[in-house]
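# Structural description and commentary
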Amino acid sequence: MKESLAYHVRRSIFISLAQMAWADGKLHASELAALRGAAFSLDLLDRHTGVAGMLSLGPARLPPVEFSDLNRTERGLCVAAAAWAALTDDLQSHPETFVLSWLATHAGLDEEIVEELSELAWRTRALRPNDLDWESEFDALLIAAKLLLDHQMMLPAAGPFSGGASLLTPLS
């Protein structure tokens, strides 16, 4: 998966993860481990990427996610990653819910797709085999989220001749 994503996309996904992990003002051990696994998954551990240092910046100094440089699928991957990061300490807090909402709004995604991506993140965490490492879990999330987002893009828009409803239903 990471081979198909440009560097700026992988970096944006990681920034959304870091923003979520820092949402409550502290970085829990499980969040740090999950972000390290995600950094491996995204191939962002090279010294020149600056990602390793990003984890020590704290919530106030993290760079923003540059959604304007991303297409709809890439923006959706950022939101899916953030939804997943909110669950890495086994509890989605109120600040994390706020950050997820903020990211989704700025990503320009409708509420329905955000709910589907959040559900996908929850299923990825809840159904995780005990021996699966963070990197592999994050890989699985990205693959499933991309499939979901690509499927959503193929759905016809509701129009005057469709009766206001799609003939296809999203994956569940």
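Let me begin by describing the structure that accompanies this report. Small disclaimer: the values here were computed from a predicted structure and weren't measured.

## Some words on the environment of E116
Considering the arrangement of structural elements, one finds E116 in helix α6 (residues 111-126). Sequence separation between E116 and A80 is 36 residues; the distance between their C-alpha atoms is 9.0 Å.

## A few points about the packing of helix α1 (residues 7-21) against helix α4 (residues 72-85)
The geometry of α1 relative to α4 is characterised by a closest axis approach of 8 Å and an angle of 30° between their N-to-C directions. When the axis of α1 is compared with that of α4, the two are roughly parallel. For the crossing formed where α1 meets α4, the hand is right-handed. Counting all contacts with α1, which are made through V9, S12, I13, S16, L17 and M20, the residues of α4 involved are E74, L77, C78, A81, A82, W84 and A85. A per-class count over the contact of α1 with α4 returns 10 nonpolar, 2 polar and 1 charged.

## Looking at the environment of A145
Residue placement: A145 occurs in helix α7 (residues 134-154). Classification of A145 as buried rests on a relative accessible area of 0%. Distance from A145 to G76, taken between C-alpha atoms, is 7.7 Å for residues 69 residues apart in sequence. Every residue in contact with A145, bar those within four places of it in the chain, is listed here: L77, A80, L117 and L120.

## Some thoughts on the nonpolar core
Formed by 50 residues in total, the largest nonpolar core has its most connected members in I13, L17, W84, L117 and F138. At the level of elements, α1, α2 (29-41), α4, α5 (94-107), α6 and α7 are the ones that each hand at least two residues to this core. With 9 residues, α4 is the single largest residue contributor to this core. Among residues more than four places away in sequence, those in contact with L17 are L35, A38, L42, A81, W84, A85 and F138.

## Some words on the pattern of salt bridges
A pair can form between side chains of opposite charge whenever their charged atoms are brought close. For the structure shown, the criterion picks out 4 salt bridges. Measuring nitrogen to oxygen at the nearest pair gives 2.8 Å for the salt bridge that ties E137 to R125. Residue E137 is found in helix α7, and its partner R125 is found in helix α6; the two are separated by 12 residues along the sequence. The residues E137 and R125 share a single accessibility class, namely buried. Across the pair E137 and R128 runs a salt bridge whose closest N-O atoms are separated by 2.7 Å. A relative accessible area of 0% places E137 in the buried class. On the basis of relative accessibility, which here comes to 22%, the residue R128 falls in the partly exposed class.

## Focus: the packing of aromatic side chains
The geometry of an aromatic ring pair comes down to the distance between the two centres and the angle between the two planes. One pass over the full model with this rule turns up 2 aromatic pairs. Summarising the aromatic geometry, the rings of W84 and W134 are spaced 5.8 Å apart at their centres and angled 80° between planes, so their arrangement reads as edge-to-face. Placement of W84 in helix α4 and of W134 in helix α7 is noted, with a sequence separation of 50 residues between them. Neither W84 nor W134 differs from the other in exposure class; each is buried. Ring geometry for W84 against F138: centres 5.0 Å apart, planes inclined by 55°, an arrangement best described as tilted. With W84 in helix α4 and F138 in helix α7, the pair connects residues that are 54 residues apart, well separated along the chain. With respect to class, W84 is no different from F138; both count as buried. Through successive ring pairs, a cluster of aromatic residues spans W84, W134 and F138.

Scoring rules and cut-offs
Residues numbered from 1 in each chain as written. Predicted model: local features only at pLDDT ≥ 70, side-chain atom pairs only at ≥ 80, totals over all residues. Heavy atoms only, no water. Helix = DSSP H or I, 4+ residues; strand = E, 2+ residues; numbered from the N terminus. Axes fitted to C-alpha atoms, helices over the stretch in contact; angles between N-to-C directions. Parallel < 35°, antiparallel > 145°, perpendicular 65-115°, else oblique. Left-handed = near helix turned anticlockwise from the far one by under 90°. Contact = heavy atoms within 4.5 Å. Nonpolar A, V, L, I, M, F, W, Y, C, P; charged D, E, K, R; others polar. Buried < 20%, exposed > 50% of the residue type's maximum accessible area, 1.4 Å probe, protein only. Core = buried A, V, L, I, M, F, W, Y, C linked by side-chain atoms within 4.5 Å. Salt bridge = Lys/Arg side-chain N within 4 Å of Asp/Glu carboxyl O. Phe/Tyr/Trp six-rings, centres within 6.5 Å; stacked < 30°, edge-to-face > 60°.

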